[in-house]
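Summary of the model geometry
So you can see what is in the structure, the chains are spelled out below.
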Amino acid sequence: MPTDRIAGIRLERLQLPLTIPYKLAFGPVTAFDTVIAEVVDEDGNTGLGEATILTGYTPETIDGCWQSIQRIASEITGASFEAAKAAAFEHHHDAPFTVTALVTAVEMLERHPVLSPGDNIDVPLLAILSASDEEGIAKEVAAHAGAGYTTIKVKIGWDVDDDLKRTAFIQSCLPKGV
């Protein structure tokens, strides 16, 4: 059983380029800006958390996240798990994604069942539909289904009439089970 005190925190800042841009209402995302938090207890057990900063989903920026997570990490190192989570949550209003990275790492150390599901589990993933024209949609749907995906995520919200037409076409392309 792990101890309940944080011995150290290691932080990494990453920029993960995407092979296909992720389309959002505020523009295409070509890379994910992510911060990884690894929290270590006194026995050397580790918990991991991450914050992928998409400005527009959060008021945070990657630079602000990086500054905040370093400051909060220094505040909670040496604290008990409960005290660390409480101290981190004091910053939640201004840095919700940042705080989530640290709290998730602590909760993994606490062996939260959602974060410690055991070995040999299947985690279903979804595919993202990037194409907007009918030919591209049909090809992508077929490729995703062929790769074994049973859920395909579709972004809408630009134009209601176009969204309805595109969604109906996508539904007409879906093979059984998708």
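How each quantity is defined
- Residues numbered from 1 in each chain as written.
- Predicted model: local features only at pLDDT ≥ 70, side-chain atom pairs only at ≥ 80, totals over all residues.
- Heavy atoms only, no water.
- Pairing = 2+ DSSP bridges.
- Helix = DSSP H or I, 4+ residues; strand = E, 2+ residues; numbered from the N terminus.
- Core = buried A, V, L, I, M, F, W, Y, C linked by side-chain atoms within 4.5 Å.
- Buried < 20%, exposed > 50% of the residue type's maximum accessible area, 1.4 Å probe, protein only.
- Contact = heavy atoms within 4.5 Å.
- Axes fitted to C-alpha atoms, helices over the stretch in contact; angles between N-to-C directions.
- Salt bridge = Lys/Arg side-chain N within 4 Å of Asp/Glu carboxyl O.

Turning next to the pairing of strand β3 (residues 46-53). Of the pairings in the sheet, the one linking strand β2 (residues 27-41) to β3 comprises 8 bridges and is antiparallel in character. Looking at the pairing, Thr34 lines up with Thr52 of β3.

Further remarks concern the nonpolar core. Taken as a class, soluble globular proteins show a tendency for nonpolar side chains to be buried jointly. Judged by nonpolar contacts, the single largest core of 24 residues is most densely connected at Ile6, Val39, Ile69, Ile72, Ile76 and Leu102. Mapped by element, the contributors of at least two residues to this core are β1 (6-24), β2, β3, α1 (62-76), α2 (81-89) and α3 (96-109). Not counting residues within four places of it along the chain, the set of residues in contact with Ile6 comprises Val39, Val40, Ile76, Thr77, Gly78, Ala79, Phe81, Ala84 and Val106.

Here we take up the sheet that holds β3. Adjacent strands of a sheet form backbone hydrogen bonds with each other and so pair up, either parallel or antiparallel. Taken in spatial order, the 3 strands line up as β1-β2-β3 in an open sheet, and their pairing is antiparallel. The sheet terminates laterally at β1 and β3, the two strands that pair on one side only. Each adjacent strand pair in this sheet contributes to an overall mean axis angle of 20°, direction not counted. Where β1 lies against β2, 14 bridges are found, and the strand directions are antiparallel.

Applying the stated criterion to the full structure yields 7 salt bridges. The partner of Glu12 in a salt bridge is Arg10, and the shortest N-O contact between them spans 3.4 Å. Glu38 is paired through a salt bridge with Arg10; the nearest N and O atoms lie 3.1 Å apart. Of this pair, Glu38 sits in strand β2 while Arg10 sits in strand β1, and the two are 28 residues apart along the sequence. The class of Glu38 is buried, set by a relative accessible area of 18%. Overlapping salt bridges, with partners in common, bring together Arg10, Glu12 and Glu38 in one network.

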